[in-house]
Amino acid sequence: MAHSVRRDAPELPDFSLLKRLARDQLIYLLEQLPGRKDLFIEADLMSPLDRIANVITLKQHDVDKLYKVEYKPIVSTSDQLCFLIRPRIKTVKWICDVVNTDKAFGRFRRYKIIFSPQKFYACENLLEEQGIFGDVTTDEWSFYLLPLDDDIISLELPEFFRDNFLEGDQRWVRTAGSALHLLHSVYGPFSKVYGIGRCSKMAYESWREQVEEGEQRARQAEIGNVFLIDRDVDLVTPLCSQVVYEGLVDDIFRIKCGCVEFGPDVTSSDKSIKVMLNSQDKVFNEIRNEHFSQVFGFLSQKARNLQTAYDKRSGMDIKQMKTFVSEELKGLKQEHRLLSLHIGASESMMKKKTKQDFQELLKTEHSLLEGFEIRECISYIEEHINRQVSMVESMRLLCLLSLTENGLLPKDYRSLKAQFLQSYGIDHLLTFSNLKQLGLLVEQQPGETLTVMESRVGKLVNDKTAGKLTDAFSSLSKKSNFRALGRRLNLVPKSDEEYDLRVPRDMAYIFSGAYIPLSCKLIEQVLERDGWTGLEEVTRMLNGHEFAVTGSNGSDARVKTDSQRIILVMFLGGCTFSEISALRFLGREKGLKFIVVTTAITNSARLLESMLDNHA
Amino acid sequence: MTRGKPDEEEYWNNSKFKAFTFDDEDDDFTKLKESKRAVNSIRSLVEEEDEEDDVEKVSWSGEPVGSISWSVKETESSNRSTGEVRDQSFPKIHTAPSLPKNSSGYSLSSLFKGKAKTGSFQSFSESFGDPSIRNYAPELRKPKSEYKDYVSDWTPEETVKRMQQGKVYSLEKFRSLQDKLLLLDEAVNAHDGNVITAVLIYLKKSLSKEILFRELITREIALSHYIHYLKEIGEQKLLVELFKSLDRTEDMALMQYRDHLNIRDENKRRDFLKNCLSLPFSPDDATHVQDHYTLLERQIIIEANDKQVESSGQADIFKKYPRKASILNMPIITTLYYSCFYHYGESDGTFSSPANIRKTFRISDKQFLLTCLGARAKLKAWFDVDALFTTKNWLGYTKKRSPIGFHRIVDILQKNNAPVQVLQDYVNLVEDAEQKISLAQKYKCHDVIINTYRDLKDRQQLIVYRGKVERGSSEYRKIEEILSNSQIRWKN
C-alpha cells in the first residue's frame, strides 16, 4: 500500500517560508497601530491565521482581546480597534456602523482595517461614502498563500468560484496573478506555463505583467513548470462522490484548513477532537490517497503490527524494557492514537454511507458518467427528490445529469425542477437561476436560438465588441460536451473490465475505476505532449482559451533538471482532494512531483452551496 | 521576496540599464507631449491648480504630505514586502510588486506632486526603482512649473496601471464620455475586476444612469461587474431600473422576488408574495411563485388553527405527538407530510386536508404516495398504509398496486420500524423472485422465503434454509412439513 517513491522523484520545495513571510508582515502591520488594541477577525480568516501565528504572537504585539466579526454591535472598551478582514462590502459596512455609532456617542477611538489579501476600491469607496475615510486607516496583509501540506497551497478564497464564474466579477484575477508571482519570485523562475480557461489566461497575463514590472534575479529554480486550469473547464469531477479516503473524510466531516473535527461517534468518547490531517500524520499519510475499500484492510494490518510491537514487552528484562520505553513506546503510543482515530473515522463513514444506500447512489453516478440507462437514473433522482433526501445531493445529481447529457430535455427539466421546488422550497427558484447561468443545470436548447440572438446583437455593435460578445455568449451557452470528451480522452473505462483497486492502473481508481477526472487527464496529456498539439478537438470542445508558453529560461533547460519535474498546478475556482490524489498517483507513475495551488479546497457540497441564494 | 542585499554587479547592471531607458523615454515623452499639445487644445488647468495649491497636501492617513511621520510610513510601506531595511542611497530594485503598496487613495494627485516638491530622496528612488512608472518619471526632473501642466495627464492605460499597483491616480480628468469609456475599456482589458469596479463607481457618480446603462449594454464584462457591485451594496432600485433597460425582465422579477427572504413577519411576507405575482416571470416560474403565495397563505391559516387546537388540548394527535416546529415557510412536501400526519382523513374541502394540498399543488401520484406512506408509517397506522395500495377492480376483488416498486415500499416501511408481519405482506408483493428472497432474508421474513422456495419447488434451498432457522421453531416445523409433503414435485 505504501508506494515506494521513485528514486528519481525530486524533492519538494520548502513552503514554510511562505508562512513566515505572512507572519512577519502581519506583525509589522500590527505594529503600525502602536499600543494596546482589540483585534476583530473575520470568521473565515481565523483558521488560516491559526496556521501561521498563535494568540501569543498576537499578544506580544499588543493585541489585547480577540473577537470574531459577527456583524453585531461591539462591546470592546479599548481605545484602539483593529479589524483583520476580507475585502467584503458586508464587513466594511459593519465597520462603518461601528465607527459611526462611536461618533454618535462622542467616543474617540483609533481604527485600523487590515484587508487580506488586498483591499478593493469598492470597500474604500464605502468608507468614503459613510464619512469615515480618514478616521480609519487601511492596510493590506498580502497573505496570498497558505501551505496546507507539503504539496498543497491554498489561497483560502472559496468565494473565488462564485465571484468569477457566476457573477462574472474578475476581482480575484489579479490576486491569482499576484499569488503566482509570489511563488515565481521565491521558487521560480518558471520555464513553462500551460493553461486552459478564460480566467487562467487572465491570471497568466496579470502574472506576466507583474513579472515585467519587477526584476527577476537569476537563481536556481525550484519549480519549473506551471499548469493553470479554470474550475469550469471540468465541473463534472468536483460533483462526483469522493471515495478516496481523504476526499471521503472531506465530504463527510469537512476538512477545514487542513484540520478536521471528529465528533463523539468517531472518538467513541463524549467529546470531539480536532485533528490536523497532513503528511505529518504517518497513518493518514499512508491511507489518504487510497480507495476507501482498501483502507480497512490496511488499518487492521497496521493494528496487528502494533499489537506485535507492544507484545515484545513480555519477556523483556529490565534493561530491554527501559530501552523500549524510552525509544519505542512513545512512537507506538502516537501510532496507536492515530490508528484508533482513523479506524473510528472509517467506521463512522461506513455507517453513514450504508444508511443512505451509498452503493445505489454510486451506481447511478457511474451510469451517468457512462451514459448508460439514463431513464433509470432520472427516476432514481426523482425519487431522491420526492423523499426529500439531502437537498444538496439531489442538486448534485441533477447537475451531473445535465453536465453529462449536455442539458436536460425540456420536459424533464420542467418536471424535475417542479418536484425539486416542492420538496425543498420554492425559493430555490433563485438557485435554479444561478445554476442555469453557470451552465451547471440547463435545458437543452434547440440549436438556433442562440445564433439568431448573437447576430442580432452583433449588428448593433462594432466588430471588436461583437467578438467579445460572442465570447460572452459562448460561455453562456457553454455545453459540457462530456460524452464526446470522454470518448476522445478515454475518461470512462469500459465497465465490463475488472478494476483492481489494490493495484490501480490509472487515475480512474479515485472513482472506483469508473472515471478518470477530466482535469487531471488534461494535465497528463499536455505534459506528455509538451503542449496542446494533437488536442485541438478537445480544446475546441472545452471552449478554447488554452495556452502553452515558454519563458526565456525555458529554452536552455533542455536538460531535465529536478525543477523541470516539479509541476505547479493552479486550480482557479477550487480543487478536490480526489484530484490531488489523482495527481499524486500521476506523479508516482511519471517520476514527477505535483504541487497543487488552489483558490480553495472544494467538494460537491461546497461548490453547490455557493450557488444557493435562498437565504436572506 | 527573500532577497538579500543585491551584489554590486547586479546593482550596477540594473542601474545602468535603467539610466539608459530613462533618458530614452524622456525624449519620447517630450515628443509625445508636444505633439499632443499641438493636436489637442489642452483644458485649462490653471484653475484646478490654484485650488489644489490652497489645499494642504494630506496623505490618506491624514498626515501632511512630506511630514516626518508621513515619510516614515512611506518608507516602511515600501520596505514591508521584503521585511528589511533598504539602503536608501541605492535605487530600489523592486522585487515584489506583487505586494501592493499602501499609498492608494482618491484624488491624490497632490501626493505625487508633494513628493517631487519636497525633493525627498526616497520618493525619487521609489520612482526610479520602479520600472513600471518609468514613463512618468521624467516629470519629476522637470522644473516645477512645467510638470504641473500634465501631472494628471495620465492616459487611460497609465491610469489603470497605477490603480492596479495601488498608486495615486486621478479620475477627474476623464470628463468627456469618450474618455470615460476609453478608461472603462482599458480597465476591462486589464482583467482587474477591482479596477473595473472602481471605474464603474466613478462613472456611476459622473454619468446619468440612462447614459451609463446604454453604454453598458455592449460591454458585457463591465456590466457583470456593475450588477455585482450593485447587488453587494444593496442598490436594489437601481438594479431594477438597469434590468428593465436591458430588457432582462426575468432577472428583474427574480431579484425582486428574492426580497421576500428579508421579511420576517409571515403576513407581510404573504402580502409581498402577492405583489410578486404581477412580476414578469417566465411562465413556469410564474406558476411556482403563485404556488409560493398560495402555500404561505394556507400555512398561515393552518398554523393559526393548529396552534389553537394544540394549546386547548382538544385533539389527541397533538397531545400524543406535539408539534416540533411551526409549519410556516416549510416546503410543499413537508406541508403535505404534516397534513398527512395531523389532518389525515379530513374532507378535501378543508385547506389542511392531504387531498386538498395534493390537488392545489398538482402533486404527482408517486410523490403523494411516498409522503403519505412516510407519515402514516411513522404513526404506525398500518391500516392506512394498506389502504393506500388497495384498489378494487370491477368485480369487487381487491388488489394492491403501487406507482413505485414494492421493494422501495418495503424499504420505507422498514426505515419506519414496521413489524415483520407488515413487512412480509409487502415483500410478498415484490415481483422479482430473487429480489423478493434477498429482501426477505434481509428483514427475516421466514414465511416469505419458505413459501417462495416451495413455489419454486427448490428442495435444496429449502434444506439449506432449514439449517439457518432455530430448531423447533414454527418456521422449522413449517419447512419440515413442506419437505415431507409428497404432493410436491421437487425440481431437485
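On a predicted model such as this, the values are computed, not experimentally measured, just so you know.

It is worth spelling out the overall build of chain A at this point. On a plain count of helices and strands, chain A comes out with 26 helices and 14 strands. The globule rule puts the C-alpha radius of gyration for 616 residues at 25 Å, and the 26 Å found for chain A is close to it. Over its C-alpha atoms, taken along the principal directions, chain A stretches across nearly 95 × 75 × 60 Å. Within chain A, buried positions represent 60% of all 616 residues. Accessible area of chain A: about 25,400 Å², with a carbon and sulfur share of 51%.

What follows deals with the overall build of chain B. When you go through chain B residue by residue, the secondary structure sums to 27 helices and two strands. Counting all 492 residues of chain B, 48% fall into the buried class. Pairs at least 24 apart in sequence give 55% of the contacts found in chain B among residues at least 6 apart. When the accessible surface of chain B is split by element, carbon and sulfur atoms take 50% of a total near 24,800 Å².

Residue and element names in this part refer to chain B. By domain assignment, chain B separates into domain 1 (28–73 + 104–130), domain 2 (153–247), domain 3 (283–444) and domain 4 (445–492). On a C-alpha basis, the centres of domain 3 and domain 4 stand 37 Å from each other. If you look at the interface, domain 3 gives 11 residues, while domain 4 gives 10 residues. The tally of links from domain 3 across to domain 4 stands at three residue pairs in polar contact (both at pLDDT 80 or more). For the side of domain 3 that touches domain 4, the elements supplying multiple residues, two or more each, are α23 (420–429) and α24 (433–442). When residues of the side of domain 3 that touches domain 4 are assigned to their parent elements, the largest contribution, five residues, is made by α23. In terms of residue class, the side of domain 3 that touches domain 4 is made up of six nonpolar, three polar and two charged.

All right, on to the pairing of strand β3 (residues 80–85) of chain A then. Residue and element names in this part refer to chain A. Along β3, six of the six residues are buried, which leaves the element largely enclosed by surrounding structure. Judged from the four bridges that link them, strand β1 (residues 37–41) and β3 form a sheet pairing that is parallel. Across the sheet, residue Phe40 finds its bridge partner in β3, namely Phe83. The pairing of β3 with strand β4 (residues 110–115) spans six bridges and is classified as parallel. Across the sheet, residue Ile85 finds its bridge partner in β4, namely Phe115. Handedness of the crossover joining β3 and β4 through helix α4 (residues 89–104): right-handed.

Right, let's get into the packing of aromatic side chains. This structure, assessed with the given rule, holds 33 aromatic pairs over all chains. Note on Phe227(A) and Trp532(A): the rings are 6.2 Å apart at their centroids and 50 degrees apart in plane angle, and the pair reads as tilted. One end of the pair, Phe227(A), is in strand β9 (residues 225–230); the other, Trp532(A), is in the loop between α23 (518–529) and α24 (536–541), with 305 residues separating them in the sequence. Taking the centre distance of 6.3 Å and the plane angle of 40 degrees together, the rings of Phe406(B) and Tyr426(B) count as tilted. Placement of Phe406(B) in helix α22 (residues 406–415) and of Tyr426(B) in helix α23 is noted, with a sequence separation of 20 residues between them. Just as Phe406(B) is buried, Tyr426(B) falls in that class too. One Lys or Arg, Lys90(A), reaches over the ring of Tyr71(A) and ends 3.9 Å from the middle of that ring. The ring of Tyr344(B) carries the charged tip of Arg376(B) above its face, separated from the ring centre by 4.1 Å.

Let us now look at the nonpolar core. The tendency in soluble globular proteins is for nonpolar side chains to be buried side by side. One finds Phe83(A), Trp141(A), Leu145(A), Leu183(A), Leu440(A) and Met570(A) to be the most contacted residues of the largest nonpolar core, which totals 270 residues. Viewed by domain, this core spans two of them, domain 2 (153–247) and domain 3 (283–444) of chain B, each represented by three or more residues. Residues contacting Met570(A), with those up to four places away along its chain left out, are Leu155(A), Ala176(A), Ala179(A), Leu180(A), Phe227(A), Leu228(A), Ile229(A) and Val597(A). Grouped together as the second largest cluster of nonpolar side chains are 37 residues, Ile412(B), Val430(B), Ile450(B) and Tyr476(B) included.

As annotated by UniProt and renumbered to match this structure, "domain: Vps16 C-terminal" (unreviewed entry) occupies residues 177–275 of chain B. For residues 177–275 of chain B, the helix share is 82%, the strand share is 0%, and the end-to-end C-alpha distance is 39 Å.

A few words on the pattern of salt bridges. Side chains that differ in sign of charge can pair as their charged atoms come close. By the definition in use, this model includes 66 salt bridges over all chains. The shortest N-O distance in the salt bridge between Arg584(A) and Glu246(A) comes to 3.6 Å. Of this pair, Arg584(A) sits in helix α25 (residues 577–590) while Glu246(A) sits in helix α10 (residues 245–253), placing them 338 residues apart in sequence. In this structure, Arg584(A) and Glu246(A) share a single accessibility class: buried. Arg219(B) serves as the salt-bridge partner of Glu215(B), at 3.3 Å between the closest nitrogen and oxygen. There is no split in this pair, since Glu215(B) and Arg219(B) are both buried. Here the salt bridges do not stand alone but share partners, grouping Glu360(A), Glu383(A), Arg387(A), Arg408(B), Asp411(B) and Lys415(B) into one network.

Reading the values: the criteria
Residues numbered from 1 in each chain as written. Chains lettered and ligands numbered in written order. Predicted model: local features only at pLDDT ≥ 70, side-chain atom pairs only at ≥ 80, totals over all residues. Heavy atoms only, no water. Helix = DSSP H or I, 4+ residues; strand = E, 2+ residues; numbered from the N terminus. Rg over C-alpha atoms; globule rule 2.2 N^0.38 Å. Buried < 20%, exposed > 50% of the residue type's maximum accessible area, 1.4 Å probe, protein only. Areas by Shrake-Rupley, 256 points an atom, 1.4 Å probe, with all protein chains shown as cover. Contact = heavy atoms within 4.5 Å. Domains from an automatic or database assignment. Polar contact = N/O pair within 3.5 Å; in protein donor to acceptor, adjacent residues only side chain to side chain. Nonpolar A, V, L, I, M, F, W, Y, C, P; charged D, E, K, R; others polar. Pairing = 2+ DSSP bridges. Right-handed = clockwise from strand over helix to strand, strands pointing away. Phe/Tyr/Trp six-rings, centres within 6.5 Å; stacked < 30°, edge-to-face > 60°. Lys NZ or Arg CZ within 6 Å of the ring centre and 35° of its normal. Core = buried A, V, L, I, M, F, W, Y, C linked by side-chain atoms within 4.5 Å. UniProt positions renumbered as here; feature names shortened; annotations may be inferred. Salt bridge = Lys/Arg side-chain N within 4 Å of Asp/Glu carboxyl O.

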